[in-house]
Amino acid sequence: MTHIGIFDYGAGNLHSLVKAIEGADRSVSVDTDIRLSLKGDILILPGVGAFGAAVAAMRGAQGYVRSALADGRPCLGVCLGMQMLFDSSEEAPGSNVGIGLIPGRVMRLLTPKVPHMGWNEIEWVGSAKLPAAYFANAYVCEPDDVSSVLAWTTHQNRRFASVVRTANTVGVQFHPEKSSVAGRSFVNGVIDEILQCK
Amino acid sequence: MTLMNRVIACLDVKDGRVVKGVGFVNLRDEGDPVLLAERYEAQGADEIVYLDISATNEGRSTLLDLVRRTAERLFIPLTVGGGMRSVEDIAAALRAGADKIAINSAGVRRPALFTDAAKRFGSQCVVASIDAQRNGESWEVYVNGGREPTGLDAIGWATKCTELGAGEILLTSIDRDGARSGYDLELLSRVASVATVPVIASGGAGSAADIRDAFTRGGADAALLAGLLHSGITDIQSIKKALRADGISVRMAA
């Protein structure tokens, strides 16, 4: 039995995520205390909308997450959860909210239409794993080292990293749990993959 | 490579059941929302919208229960609108499992609601729902289910909602609603040309060609469908096939 810990650091909707990854050989728990979430075999940082609330809830949790990831705990960050893996964000200037696992910054999208909302294609660097997914983001990740980028996505005049990976931590800018059948099978595949390389 | 055009299935919900008004009156029962939402996802719907037209408190709590049941079975985004009067109403809908909420009448009465909601939950989950009726050379915003004129110009109001924090505009033509004579392309293109957020066309879809026109001539990012789908005249898969044949980028169901 694999145990998945989802860290609930905001007021977002986690129902679909839980249902998307639940299975016969998996238990999923949602906790507002990071220490409980880290009792699982894998940590998920979900994508909630409110950055301000997320920053407040995340305060104090970064240290625990940082040391767990340094110890090799597999982790999946979704949307804002992916952004949290980086050093800093323009959405919270001056604050040092990021977990800092992946060197780089989170920047505001400066495209004519923001947010980047809807289904967009995913351009994989290696073998394609999911052709398209549902996005809802106004900020994008800018890794210092593009070798961590597994896939890119383009919105209007801006190309950005939509999937990143370092060791057994994966970040996805889109919402696999909102990307129908293909998204569910993708996210379950990612979970299996990062658990294996533990 | 860019965002695909979205086809959104809208279910008007009253006391937990689906209804679809024609010209905002003559409500007709169309069935169980969860079953319909699942069916539309399987057909390739990109999103689902529930517009709640319940007037009573009992209806409201029925809606939240419905959202909860839907969120556990639906794996595409769910927007919930109707009766969103306060940040507390919005928080309750999001907690129940909505991904976005649509603000209509309450946003006209208290525009700060858009800002409060965006600050607390993020712009990406705040949809400005605007019901517009043509009045000569312009369009006027109506509230309370399209019954009450506000004196607001629809194009100006759309811009204002975005400035206040809305991350998307759901633009319904009252004149075309239920008429199946095509979207109001003039209204659409006027709003789409000034909008800095995605615009969803609503009211009047009668065929795949109408939906194509909303994208190509109206400049819409997404098209909302209701009666056309519930009636069984066509389905989303057929519509998307026709759109694709016309060169529109849409996602096909797996």
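Thresholds, definitions, all that
Residues numbered from 1 in each chain as written. Chains lettered and ligands numbered in written order. Predicted model: local features only at pLDDT ≥ 70, side-chain atom pairs only at ≥ 80, totals over all residues. Heavy atoms only, no water. Contact = heavy atoms within 4.5 Å. Buried area = accessible area lost by both parts, 1.4 Å probe. Salt bridge = Lys/Arg side-chain N within 4 Å of Asp/Glu carboxyl O. Polar contact = N/O pair within 3.5 Å; in protein donor to acceptor, adjacent residues only side chain to side chain. Helix = DSSP H or I, 4+ residues; strand = E, 2+ residues; numbered from the N terminus. pLDDT = per-residue confidence, 0-100. Axes fitted to C-alpha atoms, helices over the stretch in contact; angles between N-to-C directions. Parallel < 35°, antiparallel > 145°, perpendicular 65-115°, else oblique. Left-handed = near helix turned anticlockwise from the far one by under 90°. Nonpolar A, V, L, I, M, F, W, Y, C, P; charged D, E, K, R; others polar. Buried < 20%, exposed > 50% of the residue type's maximum accessible area, 1.4 Å probe, protein only. Core = buried A, V, L, I, M, F, W, Y, C linked by side-chain atoms within 4.5 Å. Pairing = 2+ DSSP bridges.

## Considerations on the interface of chain B and chain A
For an interface, size is often stated in terms of accessible area lost upon the parts coming together. Opposite the 37 residues of chain B that make contact, chain A presents 32 residues. Taken together, the two surfaces of chain B and chain A that pack against each other cover about 2,900 Å², and 59% of this comes from carbon and sulfur. A salt bridge links D221(B) to K113(A), with the shortest nitrogen-to-oxygen separation between them at 2.8 Å. Connecting chain B to chain A are 11 residue pairs in polar contact (both at pLDDT 80 or more). In terms of residue count, the dominant contributor to the side of chain B that touches chain A is helix α3 (residues 87-96) of chain B (3 residues).

## Structural notes on the confidence of the model for chain B
Looking at chain B as a whole, the pLDDT averages 92, with 94% of positions reaching at least 70. In this model residues 22-27 of chain B is a low-confidence stretch, pLDDT under 50, and it forms 15 contacts with partners more than four residues away in sequence or in other chains.

## Brief notes about the packing of α3(B) against helix α5 (residues 112-121) of chain B
Residue and element names in this part refer to chain B. Between α3 and α5, the least distance of the axes is 10 Å, while the angle of their chain directions is 40 degrees. With respect to α5, the axis of α3 lies oblique. Along this stretch, α3 crosses α5, giving a crossing that reads as right-handed. For the pair α3 and α5, the contacting residues are V87, I90, A91 and L94 in the first and L113, D116, A117, R120 and F121 in the second. For the contact of α3 with α5, the residue count by class is 7 nonpolar, no polar and 2 charged.

## Here's the deal with the pattern of salt bridges
Residue and element names in this part refer to chain B. All chains considered together, the criterion is met by 25 salt bridges over all chains. For the salt bridge of R6 with E168, the shortest nitrogen-to-oxygen distance reads 2.7 Å. With R6 in strand β1 (residues 6-14) and E168 in strand β10 (residues 168-173), this residue pair connects regions lying 162 residues apart in the sequence. There is no split in this pair, since R6 and E168 are both buried. K100 serves as the salt-bridge partner of E47, at 3.0 Å between the closest nitrogen and oxygen. In this pair, E47 sits in strand β4 (residues 47-52) while K100 sits in strand β6 (residues 100-103), placing the two residues 53 residues apart along the sequence. Taken as a pair, E47 and K100 share a single burial class, namely buried. Within this structure, R6, E47, K100 and E168 form a network of salt bridges that share partners.

## Describing the nonpolar core
Ranked by internal contacts, the top residues of the largest apolar core, which has 81 residues, are I48(B), Y50(B) and Y183(B). Counting 61 residues, the second-largest nonpolar core is a separate cluster that includes A68(A), I99(A), V114(A) and V190(A).

## Observations concerning the side chain of S162(A)
All names here are of chain A. Looking at the secondary structure, you find S162 in strand β12 (residues 158-166). A polar contact is formed between the side chain of S162 and the side chain of T153, at a distance of 2.9 Å. S162 has contacts with M82, I122, F135, A151, W152, T153, G171, V172, Q173 and F174, leaving out every residue within four places of it along the chain.

## Quick notes on the sheet that holds strand β3 (residues 42-45) of chain A
Residue and element names in this part refer to chain A. Sheet architecture is open: 8 strands sit in the order β2-β1-β3-β4-β13-β12-β11-β8, paired in mixed fashion. Looking along the sheet, the strands with just one partner apiece sit at the ends: β2 (26-31) and β8 (123-124). Note that strand β4 (residues 75-78) and strand β13 (residues 169-172) share 4 bridges and pair parallel. Its bridge partner lying in β13, V78 is registered against V172. Contacts from helix α6 (residues 180-196) reach β1 (2-7), β2, β3, β4, β8, β12 and β13 within the one sheet, and its direction differs from that of β4 by about 150 degrees.

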